[in-house]
Amino acid sequence: MSLKTQELWFIVGSQYLYGTEVLDTVAARASEMASFIDAQPEIPCRFQYKGTMKTADEIELLVKEANACDACIGIVTWMHTFSPSKMWINGLALLQKPYCHFATQYNREIPDLEIDMDFMNLNQAAHGDREHGFIGARMRMPRKVIAGYWKDPAVLAELGGWMRSAVGYRESKHLKVVRFGDNMREVAVTEGDKVEAQIKLGWQVNTWPVGELVEAMNAVTDSEIDARMDEYLSAYDLATDRMDTIRYQAREEIAIEKFLTRVGAKAFSNTFQDLVGMRQLPGLASQHLMAKGYGYGGEGDWKVSAMTRIVKAMTEGLPGGTAFMEDYTYHLAEDGAYSLGAHMLEVCPSIAAAKPRIEVHPLGIGDREPPARLVFEGAAGSAVVASLIDMGGRMRLIVQDVEAIQPIMKMPNLPVARVMWRAMPDLSTGLKLWILAGGAHHTVMSYAATAQMLEDWAEMMQMEFVHICKDTSMDSFRQNLFLSDLAWKLRS
């Protein structure tokens, strides 16, 4: 779905106290601002002026309309004049979509010679913002506050990033995840409360037997496989002559995609421990589906599958890529310490530094034929890795800043997609912090998403958020985890 089919509603606050001339000016300015913002490249979704609210009844009616409108993914409020905040209570109490308080004003500067009491009555954003901000705080509403001049690039970038988080919120509330079989046996971190996930996050996570997928695979035609092979050969370099193996991956991919389409799902998981009736574990098949935007989680990890899809949705159109990732091993040299991230098969080619190669190699687990997979090195650049874990009664989203590098060695006998990165603030400290927070081995790695986008999304979902960055210290991190644990236990 193009992000331009989704809308943020720009709602302006005022009152009848100032007369029709002032209200007409407010409406004209709000419309001008919305048109300007809507046209900026930093703004991924439509930005639509929906009216100047002057009464509690108007606000309540518009919030109900926003809740019911599929295209609306959130509201942005602005107080041009002074809008008494009690009139907003009933409407905001009904709001079911993300909410941003835009603290700006029409004029950039105070006009020295023109300012008088008429100007002051019209341009009261500083006054109105504080009234409006109080009611958001009093109602304990999850909200984003953006402050600054509405034409400034930094302000527009912050607003655009928040919009992308709102896209992630909408995706979350409509997301269906297909689990082909259960999660890998005896693994703790891939478990979780699927009922709680649906209550809090909106995810519908259900299991289908692998036998149904095999039936779908058996129904795939040769002509369908031929067409998918053309896609593969166009997108990737061929480094094997085992065409039958690649065709089997195409059969798996087509069947999985048809299955997901039939049930309305955009994410899936599977496990090498449940491949009854299948000759190969889906490798190339899963990778190509992720390249199309589907979420994936290995070993039955439905949480990382859902998060991969959500991050892909919120970063649509941005440079970089987003992939299912796993921490595998460390390079602990004194002159530079790095993590090596990879997976046995399923890393999305959207993060590749160069055109991936289709190769066929034995897998070593799963007791099946050697599968075809994409082999490549990840791109260098700033990125984040994110892990969603179930803390029992609540979810915690852990995000770590990383700097991906060009791999410092060839690793010719490791036929998998892989990325090397510096973890922030450094490998040793970052590893301790990650483990203290309970971070999983499976993550979403994204060069396109920012920690701020993910923090805004967590705020919308009313979820605990933990950020590990270059400035994070061990002592403050421990203290924050302790206090956060207490606070979230009290909330629940």
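Above this text sits the structure in question.
Figured I'd write up the structure that's included with this text. (Residues numbered from 1 in each chain as written. Predicted model: local features only at pLDDT ≥ 70, side-chain atom pairs only at ≥ 80, totals over all residues. Heavy atoms only, no water.)

**Observations concerning the sheet that holds strand β14 (residues 372-375)**
(1) Moving on: One open sheet accounts for 3 strands, arranged β8-β13-β14; its pairing is mixed. Either end of the sheet is taken by a strand with one partner, and the two such strands are β8 (237-238) and β14.
(2) Moving on: Set on the sheet, helix α10 (residues 243-263) makes contact with β8, β13 (357-360) and β14; between it and β14 the angle comes to about 90°. (Pairing = 2+ DSSP bridges. Helix = DSSP H or I, 4+ residues; strand = E, 2+ residues; numbered from the N terminus. Contact = heavy atoms within 4.5 Å. Axes fitted to C-alpha atoms, helices over the stretch in contact; angles between N-to-C directions.)

**Overview of the sheet that holds strand β2 (residues 46-53)**
(1) Moving on: Taken together, 5 strands build an open sheet; the order of strands is β2-β1-β3-β4-β5 and the sheet is parallel. Strand pairing shows two members of the sheet lacking a second neighbour, β2 and β5 (144-147), which therefore form its edges. Shown here is a sheet whose adjacent strand axes are inclined to one another by a mean of 25°, direction ignored.
(2) Moving on: Of the pairings in the sheet, the one linking strand β3 (residues 72-79) to strand β4 (residues 99-103) comprises 3 bridges and is parallel in character. For T77, the partnering residue across the bridge sits in β4 and is H101.

**Remarks on the pairing of β13**
(1) Moving on: Bridge count between β8 and β13: 2 bridges; the pairing is parallel. Note that in β13 the partner of D237 across the bridge is R357.

**Concerning the packing of helix α12 (residues 302-314) against helix α14 (residues 451-460)**
(1) Moving on: At a minimum axis separation of 12 Å, α12 and α14 run at an interaxial angle of 115°. For the element pair α12 / α14, the angle class is roughly perpendicular. Crossing geometry of α12 relative to α14 is assigned as right-handed. Contacts between α12 and α14 involve M307, I310, V311 and M314 from the first element and M453, L454 and W457 from the second.
(2) Moving on: The class makeup of the residues in the contact of α12 with α14 is 7 nonpolar, no polar and no charged. (Parallel < 35°, antiparallel > 145°, perpendicular 65-115°, else oblique. Left-handed = near helix turned anticlockwise from the far one by under 90°. Nonpolar A, V, L, I, M, F, W, Y, C, P; charged D, E, K, R; others polar.)

**Quick notes on helix α2 (residues 56-68)**
(1) Moving on: Taking 1.5 Å of rise per residue, 13 residues should cover 18 Å, and α2 covers 19 Å from first to last C-alpha, within 8% of that figure.
(2) Moving on: When we look at burial in α2, the residues that qualify are I59, L62, V63, A66 and N67. When α2 is viewed along its axis, its buried side chains cluster within an angular range of 140° and face the same direction. Turned more than 90 degrees away from the buried face of α2, the exposed residues are D57 and A68. (Expected span 1.5 Å × (residues − 1). Buried < 20%, exposed > 50% of the residue type's maximum accessible area, 1.4 Å probe, protein only. Arc of directions from axis to C-beta.)

**Here's the deal with the packing of aromatic side chains**
(1) Moving on: A complete count under the given rule lists 11 aromatic pairs for this structure.
(2) Moving on: Their ring planes at 35° and their centres at 5.0 Å tell us that F10 and F47 sit as a pair that is tilted. With F10 in strand β1 (residues 7-13) and F47 in strand β2, this residue pair connects regions lying 37 residues apart in the sequence.
(3) Moving on: Relative accessible area serves as the criterion here: at 2%, F47 is assigned to the buried category. (Phe/Tyr/Trp six-rings, centres within 6.5 Å; stacked < 30°, edge-to-face > 60°.)

**Describing the environment of G91**
(1) Moving on: Inspection of the secondary structure puts G91 in helix α3 (residues 89-94).
(2) Moving on: C-alpha of G91 to C-alpha of E60: the two residues are 31 residues apart in sequence and 3.9 Å apart in space.
(3) Moving on: Among all residues touching G91, those that are not within four sequence positions of it are I59, E60 and V63.

**Things to note about the pairing of strand β17 (residues 418-423)**
(1) Moving on: Within β17, 5 of the 6 residues are buried, which leaves it mostly tucked inside the rest of the structure.
(2) Moving on: With 4 bridges connecting them, strand β12 (residues 336-342) and β17 associate as antiparallel partners. Of the residues in β17, the one forming a bridge with A342 is R418.
(3) Moving on: Sheet topology places strand β16 (residues 395-405) next to β17; 4 bridges connect them, and they run antiparallel. Looking across to β17, one finds that E403 is bridged to R422.

**Quick look at the pattern of salt bridges**
(1) Moving on: Enumeration over the complete set of coordinates arrives at 28 salt bridges.
(2) Moving on: Between K64 and E60 there is a salt bridge; the shortest N-O distance is 3.3 Å. Here E60 and K64 lie together in helix α2, a separation of 4 residues that amounts to about one turn.
(3) Moving on: K64 sits in the partly exposed class, given a relative accessible area of 44%.
(4) Moving on: E464 is the partner of R394 in a salt bridge, and the nearest nitrogen-oxygen pair spans 2.8 Å. With a gap of 70 residues between them, R394 in the loop between β15 (381-390) and β16 and E464 in strand β19 (residues 464-468) connect regions that are remote in the sequence.
(5) Moving on: Among the residues examined, R394 registers a relative accessible area of 10% and is labelled buried. (Salt bridge = Lys/Arg side-chain N within 4 Å of Asp/Glu carboxyl O.)

No statement about biological role is implied by the geometric values presented.
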